[in-house]
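Each chain is listed here by its residues.
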Amino acid sequence: MKIVNKGTFAFEDSITQAAKLFPMYQVLNEDGEIVNPDLFPDVSDEKLVELMKVLIFGRTYDERVIILNRQGALGNYPPAGGQEASQLATTFALQDNDFLVPTYRDIPPLLLRGLTLEQAFLWYKGHIRSNQYPESITAFSPQVIVGGQMPHAAGVAFGKRLKGEKNVVLAFCGDGGSSQGDFYEGLNFAGVYNAPLITILQNNGYGISTPTSKQTKALTFAQKGVAAGIACIKVDGMDPLAMYSAVLKAREYAIENGPVLIEAYTYRLGPHTMSDDPTRYRSDEEVAEWQKKDPLIRLRKYLEKKGLWNETMEEETVEDVKRQIKEAMVNINKAEKQKISTFLEYMFEVPTQNIKEQIEIYKQREAE
């Protein structure tokens, strides 16, 4: 038997290893200054302005839906304020035939992919019509089961590889979702078959109220991709240019080589959902520190310095979003009322005999 190493076992803790292998990539700092020009995306000024409008859309949408929830006009809502860079700057980097696999917090990326505001609002109300997408929307409806979207995403990406398509699947996952078995199974499957899957692991610090220190002992979530044999990096998730650039590069890599895991180190400024009280598990001081890292502030400062953005443009963008939301709320009130028979009809593609019987029973009751 050949002895390949006569030295002692090298037990180097993972924290030391992660610090060496997974630095956090950043392009734009908190003052709107370019700190890493080599990572700056190849993008026009017009595209940057469009990205700014997308981020403002996401923030305004978040603020208005919170109000609508408090008024009782919409159901429970998981706020996304603060995560615009990890959600929208990433989605902004996709091409038309790329596929999106969202979680329940990722309605704004779906809107960017063609979902209407009416459908988004009906989703919060649990309406069947909210999940009836036209073929032009290359996305799944939001996954509420934590981590459950990952095997689905891997499957779609595998299909694209088999068909020889030059497109990717972009899936969102939270830090809490990475503790689920589905997360590892999805990454492992995608890795084995070199599926063009880009996973945006949004590390916002908490799985509901559970801090990341109680989720994993690993220093980063990016390193979880190592076990699956896939490319993995950590990016400043509050930096819209870093997230946009990372997905552009990841897209090129995934099509040619296989999956990429991107940890977006970000923060949700609001509660987990509107039924959550974040003051029970995090301090005001912590929130205030993260507010300084706001992705909108960063890009706004950068564009203002270049003379590409001003207060008037921002006000016009905000007012336009408010107008769209107001119109959508009027429209959803015209949506047909749901019936139990309708739910039963959509339960299976081919209803079983007992479901058929129940459909008829409820149709008779509803007709009375």
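Fair warning: this is a prediction, and the values are worked out from it, not measured in the lab. (Residues numbered from 1 in each chain as written. Predicted model: local features only at pLDDT ≥ 70, side-chain atom pairs only at ≥ 80, totals over all residues. Heavy atoms only, no water.)

**Quick notes on the packing of helix α2 (residues 45–70) against helix α5 (residues 117–124)**
For any two helices packed against each other, the geometry comes down to the angle between their axes and how far apart the axes lie. Keep this limit in mind: Fitted lines through C-alpha atoms give the axes, limited to the stretch in contact for helices. The angle between two N-to-C directions lies from 0 to 180 degrees. Numbering of helices and strands starts at the N terminus; helices are DSSP runs of H or I of at least 4 residues and strands are runs of E of at least 2. Roughly parallel here means an angle under 35 degrees, roughly antiparallel means over 145, roughly perpendicular means 65 to 115, and every remaining angle is called oblique. Left-handed describes a crossing whose near helix is turned anticlockwise from the far helix through less than a right angle; right-handed describes the clockwise counterpart. For this analysis, residues touch if any pair of their heavy atoms sits within 4.5 Å. Throughout, the ten residues Ala, Val, Leu, Ile, Met, Phe, Trp, Tyr, Cys and Pro are labelled nonpolar, Asp, Glu, Lys and Arg are labelled charged, and all others, Gly among them, are labelled polar.
Where α2 meets α5, the closest approach of the two axes is 13 Å, and the angle between their N-to-C directions is 40 degrees. On the basis of the axis angle, α2 is oblique to α5. The handedness of the crossing between α2 and α5 is right-handed. Here F57, Y61 and V65 of α2 come into contact with α5, specifically with L117, A120, F121 and Y124. Counted by class, the contact of α2 with α5 contains seven nonpolar, no polar and no charged residues.

**Digging into a negative patch on the surface**
Threshold: Patch criteria: residues need more than 30% relative accessible area and no salt bridge. Like-charged residues are merged within 9 Å; nonpolar side chains of Val, Leu, Ile, Met, Phe, Trp and Tyr are merged within 5 Å. Every accessible area reported is derived by Shrake-Rupley at a probe size of 1.4 Å, with residue values counting cover from the shown protein chains alone. By definition here, a salt bridge exists when the distance from a side-chain nitrogen of Lys or Arg to a carboxyl oxygen of Asp or Glu is within 4 Å. As used throughout, the charge tally considers Lys and Arg to be positive and Asp and Glu to be negative, leaving His and the chain termini uncounted. By convention, the charge on Lys lies at NZ, on Arg at CZ, on Asp at CG and on Glu at CD.
Residues E304, E311, E315 and E316 make up a contiguous surface patch of negative charge. A per-element tally of the negative patch places helix α11 (residues 311–332) first, with three residues. Here E311 shows up in helix α11.

**Considering the pairing of strand β3 (residues 169–174)**
Quick note on the threshold: Think of it in three bands: residues with accessible area under 20% of the maximum for their type are buried, residues over 50% are exposed, and the middle band is partly exposed, with areas taken using a 1.4 Å probe on protein chains only. Whether two strands pair comes down to DSSP finding at least two bridges between them. Looking down the strands as they point away from you, a crossover is right-handed if its path from the first strand over the helix to the second goes clockwise.
With five of six residues buried, β3 is to be regarded as a mostly interior element. Sheet topology places strand β2 (residues 99–101) next to β3; three bridges connect them, and they run parallel. Paired with F99 across the strands is V169, a residue of β3. Where β3 and strand β4 (residues 197–203) come together, six bridges link them in parallel fashion. Looking at β4, one finds that V169 is bridged to L197. Note on the crossover from β3 through helix α7 (residues 181–192) to β4: the handedness is right-handed.

**Regarding unusual backbone geometry**
Positive phi values are uncommon outside glycine, yet N194 reaches one of about 50 degrees. The class of N194 is partly exposed, set by a relative accessible area of 38%.

**Things to note about the packing of α2 against helix α3 (residues 84–91)**
The contact between α2 and α3 brings their axes to 10 Å, and the two run at 135 degrees. Relative to α3, the element α2 is oriented oblique. The way α2 lies across α3 gives a crossing that is right-handed. Residue-level inspection shows L51, V54, L55, G58 and R59 of α2 in contact with α3, the latter providing E84, A85, L88 and A89.

**Some details on the side chain of T199**
Residue placement: T199 occurs in strand β4. Classification of T199 as buried rests on a relative accessible area of 0%. Apart from residues no more than four positions distant in its own chain, T199 is found in contact with M150, A171, C173, F183, L187, V260, L261 and I262.

**Focus on the pattern of salt bridges**
Inspection of the entire model under this criterion finds 16 salt bridges. A salt bridge links K301 to D31, with the shortest nitrogen-to-oxygen separation between them at 4.0 Å. You can see K301 sitting in helix α10 (residues 295–305) and its partner D31 sitting in the loop between β1 (24–25) and α2, a full 270 residues away along the chain. Linking K322 and E319 is a salt bridge whose minimum nitrogen-to-oxygen distance equals 3.7 Å. Of this pair, K322 and E319 both sit in helix α11, three residues apart, which is roughly one turn of that helix.

**With respect to the domain arrangement of the chain**
Let me state the cut-off plainly: Segmentation of the chain into domains, including their bounds, is taken from an automatic or database domain assignment. Buried area is understood as the total, over both parts, of accessible area removed when two parts are fitted together, assessed with a 1.4 Å probe. Each polar contact in these results corresponds to two N or O atoms within 3.5 Å; when the atoms are within protein, one needs to be able to donate a hydrogen and the other to accept it, and residues that are neighboring in sequence are counted only if both atoms are side-chain atoms.
If you check the domain split of the chain, you get domain 1 (18–335) and domain 2 (337–367). Taking the mean C-alpha position of each, domain 1 and domain 2 sit 37 Å from one another. Listed per partner, the contact involves six residues of domain 1 and five residues of domain 2. Buried area between domain 1 and domain 2, both sides added, is near 440 Å², and the carbon and sulfur share of it is 52%. Taken together, the connections running from domain 1 to domain 2 amount to zero salt bridges. Run the count over domain 1 and domain 2 and you get three residue pairs in polar contact (both at pLDDT 80 or more). In terms of residue class, the side of domain 1 that touches domain 2 is built from two nonpolar, three polar and one charged.

**So, the sheet that holds β2**
Read from one edge to the other, the open sheet built from six strands follows the order β1-β7-β8-β4-β3-β2, with strand pairing classed as parallel. Each of the sheet's edge strands pairs with one partner strand only, and the pair in question is β1 and β2. In the packing of helix α8 (residues 240–257) onto the sheet, the strands contacted are β1, β3, β4, β7 (231–236) and β8 (260–265), and the crossing angle to β8 comes to about 175 degrees.

**Concerning the nonpolar core**
Our working rule: To define a nonpolar core, start from buried Ala, Val, Leu, Ile, Met, Phe, Trp, Tyr and Cys residues and group those joined through side-chain atoms within 4.5 Å.
The biggest cluster of nonpolar side chains holds 69 residues, and the ones touching the most others in it are Y61, F121, Y124, I198, I200, I262 and L299. Here this core takes twelve residues from α2, the largest share from any one element. The contacts of I200, once residues within four sequence positions are left out, are S86, T90, L170, A171, F172, C173, M243, V247, I262 and A264. Formed by 23 residues, the second largest nonpolar core is a distinct cluster that contains L187, L201, I230 and L261.

**Considerations on the environment of Q132**
Within the fold, Q132 resides in the loop between α5 and α6 (149–163). Contacts of Q132, omitting those with residues within four sequence positions, involve Q119 and Y346. Here the side chain of Q132 touches Y346 through a polar contact of 3.0 Å, side chain to side chain.

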